[in-house]
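# Survey of secondary and tertiary structure
Below are the chains, spelled out letter by letter.
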Amino acid sequence: MAVCIPFDVHTTLEPIQIKSGDTGIQPYGTYLASGSCEIQEVGTGQVRVIASTSCYRISDTVIADIYLESKEGGYWWTVTYKEGSGSNTNYVYTSKDVAVKRGQYYRARGSHIVKKGSTTETAGTVSGSMYID
């Protein structure tokens with residue numbers, strides 16, 4: 001299992017403080033409480049990518065999109081993604097199982113968005129890489 005690190009965090013109201021931890025990022029916004037992503041090997045040539053977004057309060061829209069990326073030519077490329085969203089909630093979880101080519105590095109990237117009225121808070125996470133042999 002790979003652990004996520006923050007790569008982009010901002011809000012439309014005020015800067016969010018970032019606290020790195022084992023489960024991903026934890027920006028302390030008005031609504032956005034935390035976001036995480038991970039990649040797991042679940043079988044021969046199979047991975048599962050997971051993202052979740054948590055809020056301090058019930059929000060109008062909560063999004064946890066998950067992307068599977070592979071490394072080719074020194075760059076990370078999106079292989080596939082899955083959108084996850086909920087309305088009038090404080091938590092969204094998204095996962096996707098994917099058959100992958102062996103002999104490559106893969107990682108997960110999460111996009112975390114919370115909307116409440118005219119406020120939008122966003123954050124991103126990225127996991128460490130995993131070699132699939």
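See the structure printed just above.
Everything in this summary refers to the structure shown in the same document. (Residues numbered from 1 in each chain as written. Predicted model: local features only at pLDDT ≥ 70, side-chain atom pairs only at ≥ 80, totals over all residues. Heavy atoms only, no water.)

### As for the overall build of the chain
Looking only at helices and strands, one finds zero helices and 10 strands in the chain. Buried positions account for 48% of the 133 residues belonging to the chain. For the chain, long-range pairs separated by at least 24 residues make up 60% of all intrachain contacts whose partners lie at least 6 apart in sequence. As presented, the chain carries roughly 6900 Å² of accessible surface, and 46% of it is formed by carbon and sulfur atoms. (Helix = DSSP H or I, 4+ residues; strand = E, 2+ residues; numbered from the N terminus. Buried < 20%, exposed > 50% of the residue type's maximum accessible area, 1.4 Å probe, protein only. Contact = heavy atoms within 4.5 Å. Areas by Shrake-Rupley, 256 points an atom, 1.4 Å probe, with all protein chains shown as cover.)

### Some details on the nonpolar core
Judged by nonpolar contacts, the single largest core of 21 residues is most densely connected at I39, V47, L68 and V100. At eight residues, strand 5 (residues 46–72) tops the list of elements feeding residues into this core. (Core = buried A, V, L, I, M, F, W, Y, C linked by side-chain atoms within 4.5 Å.)

### Quick look at the pattern of salt bridges
Per the counting criterion, the structure on display carries four salt bridges. In this structure, E69 and R107 form a salt bridge, with 2.6 Å as the shortest nitrogen-oxygen distance. A residue pair is termed long-range when its members are at least 10 positions apart, and E69 in strand 5 and R107 in strand 8 (residues 104–116) qualify at 38 residues. Each member of the pair E69 and R107 is classed as buried. Salt bridges sharing partners connect three or more residues here, namely E69, R107 and R109. (Salt bridge = Lys/Arg side-chain N within 4 Å of Asp/Glu carboxyl O.)

### Quick notes on the side chain of E121
Secondary-structure assignment places E121 in strand 9 (residues 119–127). For the buried residue E121, which engages in no salt bridge, the nearest side chain bearing the opposite charge is R57, 7.7 Å off. Polar contacts involving the side chain of E121 include one to the main-chain amide nitrogen of T30, which spans 2.9 Å. (Lys, Arg positive; Asp, Glu negative; His and termini not counted. Polar contact = N/O pair within 3.5 Å; in protein donor to acceptor, adjacent residues only side chain to side chain.)

### Some remarks on the side chain of S127
Examined against the element boundaries, S127 turns out to sit in strand 9. Take S127: its relative accessible area is 6%, and that puts it in the buried class. Within the structure, the side chain of S127 is placed 2.8 Å from the backbone nitrogen of A108, a separation counted as a polar contact.

### A look at the environment of R57
Relative to the assigned elements, R57 resides in strand 5. For the pair R57 and Y31, spaced 26 residues apart in sequence, the C-alpha separation works out to 5.9 Å. Residues within four places of R57 in sequence aside, it is in contact with T30, Y31, T89 and N90.

### Details of unusual backbone geometry
Positive phi outside glycine occurs at N88, with the angle close to 50°. Within the fold, N88 resides in strand 7 (residues 85–99). For N88, a relative accessible area of 57% translates into the label exposed.

### A closer look at the packing of aromatic side chains
Counted by the stated rule, this structure contains three aromatic pairs. A centroid spacing of 5.6 Å and a plane angle of 25° characterise the contact between Y67 and Y81, whose relative ring orientation is stacked. Residue Y67 is found in strand 5, and its partner Y81 is found in strand 6 (residues 75–82); the two are separated by 14 residues along the sequence. Residue Y67 is classed as buried on the basis of its relative accessible area, which comes to 19%. Owing to a relative accessible area of 44%, Y81 belongs among the partly exposed residues under this scheme. (Phe/Tyr/Trp six-rings, centres within 6.5 Å; stacked < 30°, edge-to-face > 60°.)

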